[in-house]
Amino acid sequence: MSAEQQRTIRCLVAKVGLDGHDRGAHVIARAFRDAGFEVIYSGLHKAPDEIVRAAVQEDVDVLGISILSGAHNTLVPKVVEGLKEYGAFEDTLLLVGGVIPDDDRATLKEEGVAEVFGPGTELEETIEFVRENVPER
């Protein structure tokens, strides 16, 4: 498929829980937009079920969860569970960004997160990961 024939990648960048730090979410949303992706930003303080519903309603290819609160081991599995309940898990590339300890990164990946990106990750690295791993539809 040529570059002209490829469909636009739809992304939801979401802030889950009580985490009010959204600078990183804004940076990645802008980078995704500049890369040609269609980007939806959830806004702050969303519950896992709100994020899941938005991802399903917007039919996104990529769901990026930005979390710095330390509640990733509680909130991200709820998002995974919700995506599975809606039958959207297989069609959604799930990413997590934030300060996540190495041991927790492995646990999140076991739960179904495709990749965890920490502070200092090059934006192009994240963009390329999305392009190479976005599910075919």
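Rules and cut-offs
Along each chain, residue indices are assigned from 1 in the same order as the chain's sequence is written. A pLDDT threshold of at least 70 governs which residues receive local features in this predicted model, and a stricter bar of 80 or more applies before side-chain atom pairs are shown or counted, although totals over entire chains, interfaces and linings include all residues. Only hydrogens and water are set aside when side-chain values are computed; all heavy atoms of the structure are taken into account. Secondary structure counts use DSSP, requiring at least four H or I residues in a row for a helix and at least two E residues in a row for a strand, with both numbered from the N terminus. Here the globule rule is a power law, 2.2 Å times the number of residues to the power 0.38, and the radius of gyration is based on C-alpha atoms. Contacts are residue-level and defined by heavy atoms, with any inter-residue pair within 4.5 Å sufficient. Working definition of accessibility: Shrake-Rupley area with a 1.4 Å probe, residue cover restricted to the visible protein chains. Should DSSP find at least two bridges between two strands, the strands are regarded as paired. Axis definition: a line fit to C-alpha positions, over the contact stretch in the case of helices; interaxial angles, taken between N-to-C directions, run 0 to 180 degrees. Working definition: rings of Phe, Tyr and Trp (its six-membered ring) pair if their centres are within 6.5 Å, and the pair is stacked with planes under 30 degrees apart, edge-to-face with planes over 60 apart, and tilted otherwise. Burial status follows relative accessibility: with a 1.4 Å probe on protein chains alone, a residue under 20% of its type maximum counts as buried, one over 50% as exposed, and anything between as partly exposed. For the purposes of this section, nonpolar cores are sets of buried Ala, Val, Leu, Ile, Met, Phe, Trp, Tyr and Cys residues that join through side-chain atoms within 4.5 Å. For every residue, the pLDDT score states the predictor's confidence, bounded by 0 at the bottom and 100 at the top.

With that settled, consider the overall build of the protein. On a plain count of helices and strands, the protein comes out with 5 helices and 5 strands. Along the chain direction, N to C, the helices and strands of the protein fall in the order β-α-β-α-β-α-β-α-β-α. Taking 2.2 N^0.38 as the reference for a compact globule, 137 residues should give roughly 14 Å; the C-alpha atoms of the protein span a radius of gyration of 14 Å, in line with that estimate. Overall, the protein is about 40 × 35 × 25 Å in size when its C-alpha atoms are taken along their principal axes. A separation threshold of at least 6 residues defines the contact pool for the protein, and within that pool the share at least 24 residues apart is 71%. Accessible area for the protein stands at about 7,500 Å²; split by element, carbon and sulfur atoms hold 47% of it.

Adjacent strands of a sheet pair through backbone hydrogen bonds, lying either parallel or antiparallel. The 5 strands are arranged E2-E1-E3-E4-E5 in an open sheet whose pairing can be described as parallel. With one partner strand each, in any of the chains shown, strand E2 (38–41) and strand E5 (115–117) form the two edges of the open sheet. Taken over all neighbouring pairs, the strand axes of this sheet differ in orientation by 20° on average, direction set aside. Across 5 bridges, strand E3 (residues 62–66) lies against strand E4 (residues 93–97) in parallel orientation. Counted as the bridge partner of Gly-64 is Leu-95 from E4. Each of strand E1 (10–15) and E3 is contacted by helix H2 (residues 48–57), which is oriented at about 170° to E1, the strand it contacts most. Against the sheet, helix H3 (residues 72–85) touches E3 and E4, its axis set at about 160° to E3.

Another aspect to go through is the packing of aromatic side chains. Under the definition given, this model contains 2 aromatic pairs. The interplanar angle of 55° and the centroid separation of 5.2 Å between the aromatic rings of Phe-32 and Phe-37 together place this pair among those described as tilted. Accessibility classification places Phe-32 together with Phe-37 in one group, the buried group. With a centroid separation of 5.7 Å and 75° between ring planes, the pair formed by Phe-117 and Phe-129 is classed as edge-to-face. You can see Phe-117 sitting in strand E5 and its partner Phe-129 sitting in helix H5 (residues 123–133), a full 12 residues away along the chain.

What follows covers the nonpolar core. Core analysis: the biggest nonpolar cluster contains 23 residues, and Leu-63, Ile-65, Leu-83 and Val-96 have the highest contact counts within it. Considering each element in turn, this core owes the most residues, 5 residues, to H3. Excluding residues that lie within four positions of it along the chain, Val-96 makes contacts with Ile-65, Ile-67, Val-76, Leu-108, Val-113, Glu-115, Val-116 and Phe-117. In terms of nonpolar packing, the next biggest core, distinct from the first, is built from 17 residues, Ala-25, Ala-31, Ile-127 and Val-134 among them.

Even without being a glycine, His-45 presents a positive backbone phi close to 60°. Despite not being glycine, Asp-59 has its phi angle at roughly 55°, a positive value. Looking at the secondary structure, you find Asp-59 in the loop between H2 and E3.

Looking now at the confidence of the model for the protein. Scored by pLDDT, the protein comes out at a mean of 93, with 96% of its residues at no less than 70. In this model residues 1–5 is a low-confidence stretch, pLDDT under 50, and it forms 1 contact with partners more than four residues away in sequence or in other chains.

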